[in-house]
Amino acid sequence: MLKPILLVEDDARDLELTLVALERSQLANEVIVVRDGAEALDYLNREGAHADRAAGNPAVILLDLKLPKVNGLEVLKTVRSTEPLKSIPVVMLTSSQTESDVVHSYALGVNAYVVKPVEFKQFVTAIADLGVFWAVLNEPPPGSLRASRRYE
């Protein structure tokens, strides 16, 4: 069973574009969508509305920086300081090109920082490449469970 991709995005337009791009990449991974940082943490920690979800971590977290309730940097900080979560790859997927956001994200342990392209075709390509890399090509850290993959 393939691990899901956790997409944390509050902007409806960016959410739709990201889902279209992931669909076009033909990944078999389920995409779990949460709309704010608090819900992302509930999902990851199996709390609140996500208390009864199946055990296991996502293959990757695609995390927006500017989120309601709990911002992306706080989500990242919590993920990196929580033992069962800290090895999950996190990709900051944001429109912010502010140097301090980039520096702070890497200081907190983000695996990649991707600025959302404005042009649709570039956006689709960027998201498809991210999905394939993190969900299929990336080798997880030693000791983590690797989901079986079907190549078609």
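Everything below is about the structure shown above.
First things first, this report covers the structure right here in the doc. (Residues numbered from 1 in each chain as written. Predicted model: local features only at pLDDT ≥ 70, side-chain atom pairs only at ≥ 80, totals over all residues. Heavy atoms only, no water.)

**Remarks on the overall build of the chain**
- A count of helical and extended segments in the chain gives five helices and five strands.
- Secondary structure elements in the chain, listed N-terminal to C-terminal, are β-α-β-α-β-α-β-α-β-α.
- Here the chain holds 152 residues, and the buried ones make up 45% of them.
- Put simply, 63% of the contacts in the chain that link residues at least 6 apart link residues at least 24 apart. (Helix = DSSP H or I, 4+ residues; strand = E, 2+ residues; numbered from the N terminus. Buried < 20%, exposed > 50% of the residue type's maximum accessible area, 1.4 Å probe, protein only. Contact = heavy atoms within 4.5 Å.)

**Re the packing of aromatic side chains**
- Counted under the stated rule, the structure contains zero aromatic pairs.
- In this structure, Arg 53 packs its charged tip against the face of Tyr 43, placed 4.2 Å from the ring centre. (Phe/Tyr/Trp six-rings, centres within 6.5 Å; stacked < 30°, edge-to-face > 60°. Lys NZ or Arg CZ within 6 Å of the ring centre and 35° of its normal.)

**Some details on the sheet that holds strand β5 (residues 112-115)**
- The five strands lie next to each other as β2-β1-β3-β4-β5, forming an open sheet whose pairing is parallel. Because the sheet does not close on itself, it has two edges, and the strands there are β2 (31-34) and β5. If you compare each strand with its neighbour and ignore which way they point, the axes differ by 20 degrees on average.
- Strand contacts of helix α4 (residues 99-107): β4 (90-94) and β5, with the helix running at about 155 degrees to β5, the strand carrying the most contacts. (Pairing = 2+ DSSP bridges. Axes fitted to C-alpha atoms, helices over the stretch in contact; angles between N-to-C directions.)

**Let's talk about the nonpolar core**
- Within the largest apolar cluster, 23 residues are counted, with the highest numbers of intra-cluster contacts made by Leu 6, Val 8, Leu 44, Ile 61, Leu 63 and Met 92.
- Where this core is concerned, the elements lending two or more residues are β1 (5-8), β2, α2 (37-45), β3 (60-63), α3 (72-80) and β4.
- Excluding residues that lie within four positions of it along the chain, Met 92 makes contacts with Leu 63, Asp 64, Leu 65, Gly 72, Leu 73, Leu 76, Ser 105, Val 110, Ala 112, Tyr 113 and Val 114.
- Grouped together as the second largest cluster of nonpolar side chains are 17 residues, Ala 21, Val 60, Val 91 and Val 114 included. (Core = buried A, V, L, I, M, F, W, Y, C linked by side-chain atoms within 4.5 Å.)

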